[in-house]
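What follows is the residue order along each chain.
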Amino acid sequence: MKKQVSASNGFNFDTPVVKTQINDIQFYVKRDDLIHPELNGNKARKLRHYLKLSNSDIKTVVSCGGNQSNAMYALSVLAKLKHWRFFYYVKKLPSQLINNPVGNFKLACDNGMQYQEVVHFPELQSTPDTIVIEQGCSGSNAEPGIAELAKQINQWVDTNNWQVCSLFLPSGTGTTAYYLQQHTPWPVFTTSCIGNPDFLSKQWNRINADTMTHPSILTAKKQVHFGQLDMNHLRLWQSLQKKTHIEFDLLYDPQGWSALLENRAKLPGEVIYIHCGGLSGNKSMLSRYNHFLSRQIHEHKQT
Ligand SMILES: *Cc1c(COP(=O)(O)O)cnc(C)c1O
C-alpha cells in the first residue's frame, strides 16, 4: 500500500488502522491517538474545521463545560497553536483544584486558559473575532473533520476488500458517532458513557428525527457513572494495554470496551474501534485510583 505523508505542524490526520487481539477475538483499531502529541483523538477531528482556518479575524475562542474535560484541554491547545485567547466557563470549582491544579485543568491553565466560575452556562453568540464552541465541541462544525475520518475508513475497508464491517466508538455527546454514521455505509455502534442510552437518542433526534440515520446503541451490563472510579474498569484498562500494547483512555474506553466485548456477536463482520484519544486525562485518573487503593489498604490494615 502506498504510504501517505500528510503531516503539517506536527499533525498527521492520516492515521493507521492496526490489527489486534483481545481474548482470542480480533479487532482493528483506528489510531487517532497518534494524530498529534497534544491535540488528537476525536477532539482533533471535531476541531479540524478551526485548525484549517487561515487568515481569519478570530482572536478569542469561548466554550464551557467540565473542569477536567478533554474538550477543554483540546481547545486550550487549539488556542495556543492559533495564538487565540481561550476563555472557558465552568461550574464552581473544588477549592482543592484551584489550590493544586491537576490533569487536564492544569494543562489547560498552562496553555493560557482563562476561566470563570458560573452557576449557569451563559448563552453566547459568535462574532467575527470571537468564536463560541459548544460544550464537548459538539456543534455542526465538527462534521467536516468527522467526514474526513469516515472517508479514510471507507477507503481502508475498500483497499482491504472487506465485504462487511462494523465501526465502534464510545460516546459522550454522541456527536462523533452521529456524524461518522452520516458519512459511512458501515453500521456505527456506540455506547453512552455520560447518560443513559435515552440521552444519546435525544441528542440525535434534535439533529434528525429519522432514527434510520442514527448509530446503534449497545449497553454494558454495568453502567459506571461518568468519572467514577471502578475497579473492573481499571482492570480492563490494564488488560487492554497488556494485550494490545495500546494505551486507551480511562474515562470513556473501559465503558466502551465493556459494551463492545459483551455485545461482539451483534456486530456484523470485522470491527474497527476508533481510538478517540483522551490520554492527557489518564494521569489524574491514575492518581485518583492510586489514592483510592492506598486508602483501602490503609483501612484494611486498621481492621
Ligand atoms: C470526547 C471523547 C469521547 C466522546 O465524544 P463525543 O463526540 O462527545 O461523543 C470519546 N472518547 C474520548 C477519549 C473523548 O475524549
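Residues numbered from 1 in each chain as written. Predicted model: local features only at pLDDT ≥ 70, side-chain atom pairs only at ≥ 80, totals over all residues. Heavy atoms only, no water.

**Side note on the environment of Q152**
For Q152, the position within the fold is in helix α6 (residues 143-159). Considered as a pair, Q152 and F13 are 139 residues apart in the sequence and their alpha carbons are 9.4 Å apart. Leaving out residues up to four positions away in the same chain, Q152 has contacts with F13, D14, T15, K30 and R45. Here the side chain of Q152 touches F13 through a polar contact of 3.0 Å, landing on its backbone oxygen. (Helix = DSSP H or I, 4+ residues; strand = E, 2+ residues; numbered from the N terminus. Contact = heavy atoms within 4.5 Å. Polar contact = N/O pair within 3.5 Å; in protein donor to acceptor, adjacent residues only side chain to side chain.)

**Details of unusual backbone geometry**
Despite not being glycine, C137 has its phi angle at roughly 50°, a positive value. With respect to the secondary-structure elements, C137 resides in the loop between β6 (130-132) and α6. Positive phi values are uncommon outside glycine, yet H245 reaches one of about 60°. Inspection of the secondary structure assignment puts H245 in the loop between α9 (231-244) and α10 (253-263).

**What to know about the site of the ligand**
Around the ligand sit 16 residues in total, of which K43, K46, N70, T173 and T176 are the nearest. In this structure, N70 approaches the ligand through a side-chain N or O atom, which is 2.7 Å from an oxygen atom. With respect to the ligand, the side chain of T173 contributes an N or O atom lying 2.6 Å from an oxygen atom. Within the complex, the protein chains bury 98% of what would otherwise be the 390 Å² of accessible surface of the ligand. Breaking the shell around the ligand down by element, the ones donating at least two residues are α1 (41-46), β7 (165-171) and α7 (175-182). (Near = heavy atom within 4 Å. Areas by Shrake-Rupley, 256 points an atom, 1.4 Å probe, with all protein chains shown as cover.)

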